[in-house]
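Structural features, examined
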Amino acid sequence: MPPLPSTERKPAHKETATETRRSFFAKMGIGGLLTGLAGQITILFRALMPNVLYEPPRIFKIGKPDQFPEGVTFIESQRVFVFRNQKQFHAISAECTHLGCTVKMVQFNDPKTVQIQGRSQQEMQEFDCPCHGSKYYGDGTNYAGPAPAPLAWYRMEIAADDGQLVVNLTEPVGQDFRLLV
């Protein structure tokens, strides 16, 4: 006699798939929760570190006017040349306008006559970039090499509190600027 059909059924494939889908979504939920928690902990620890760039100040004192000799003084830490001609001062950047290398000043034994923007001018020095060969006249005007612009001139002033010279790298000025002390 053939066996009687059972009223009980074995679990179908569909129920196994439901169980698998349920566990998949549970794992996804736990994974999302852990990812969010890890992000919050990262932000918490990141907040303990300051967002400060330790760069040199862009406005700085360089000393009293009588401390500077006649001629040129190079301030290496700020990459700036400070010129003194009797009681007049001006500051020129030592940062090449091509890729930012520090230019070197070359002093001439005899004055050199050059043409700058259609006018004849006597120069006692020029600036040379050792990286890519850019050349600048003594006033910072570029004349050779890949440099796209002249060297920047910066505002100088006298500090009211102690009488020191102040160079302001945030405020470029024209090549006719002179601080009279």
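Worth saying up front: this structure is predicted, and the values here are computed from it rather than measured.

To continue, consider the domain arrangement of the protein. Each assigned domain of the protein is listed here: domain 1 (13–53) and domain 2 (59–180). A C-alpha centroid distance of 58 Å is found between domain 1 and domain 2.

Read from one edge of the open sheet, four strands run β5-β6-β7-β8, paired in antiparallel fashion. This sheet does not close on itself; its edge strands, each paired only once, are β5 (104–116) and β8 (142–144). Each strand axis lies, on average, 40° off the axis of its neighbour in the sheet, ignoring direction. As defined by bridge partners, strand β7 (residues 135–137) adjoins β8 across two bridges and the pair is classed as antiparallel. Bridge pairing in β8 links K135 to A144.

So, on to the pattern of salt bridges. This structure, assessed with the given rule, holds six salt bridges. The salt bridge partner of D161 is K61, with a shortest N-O separation of 3.1 Å. Taken together, the residues D161 in the loop between β9 (153–158) and β10 (165–173) and K61 in strand β1 (residues 59–63) connect sequence positions 100 residues apart. The partner of K112 in a salt bridge is E126, and the shortest N-O contact between them spans 3.9 Å. Of this pair, K112 sits in strand β5 while E126 is found in strand β6 (residues 119–128), placing the two residues 14 residues apart along the sequence. What makes K112 partly exposed here is its relative accessible area of 35%. Residue classification places E126 among the buried residues on the basis of a relative accessible area of 8%. Through salt bridges that share partners, K61, D161 and D162 make up one connected network.

Glancing now at the pairing of β9. Pairing of strand β4 (residues 88–93) with β9, which is carried by two bridges, proceeds in the antiparallel orientation. By the bridge assignment, A91 is partnered in β9 with Y154. Relative to β10, β9 runs antiparallel, the two sharing six bridges. For R155, the partnering residue across the bridge sits in β10 and is N168. Two successive antiparallel strands, β9 and β10, enclose a turn made up of six residues, where G163 displays a positive phi of approximately 75°.

Definitions and limits used
Residues numbered from 1 in each chain as written. Predicted model: local features only at pLDDT ≥ 70, side-chain atom pairs only at ≥ 80, totals over all residues. Heavy atoms only, no water. Domains from an automatic or database assignment. Pairing = 2+ DSSP bridges. Helix = DSSP H or I, 4+ residues; strand = E, 2+ residues; numbered from the N terminus. Axes fitted to C-alpha atoms, helices over the stretch in contact; angles between N-to-C directions. Salt bridge = Lys/Arg side-chain N within 4 Å of Asp/Glu carboxyl O. Buried < 20%, exposed > 50% of the residue type's maximum accessible area, 1.4 Å probe, protein only.

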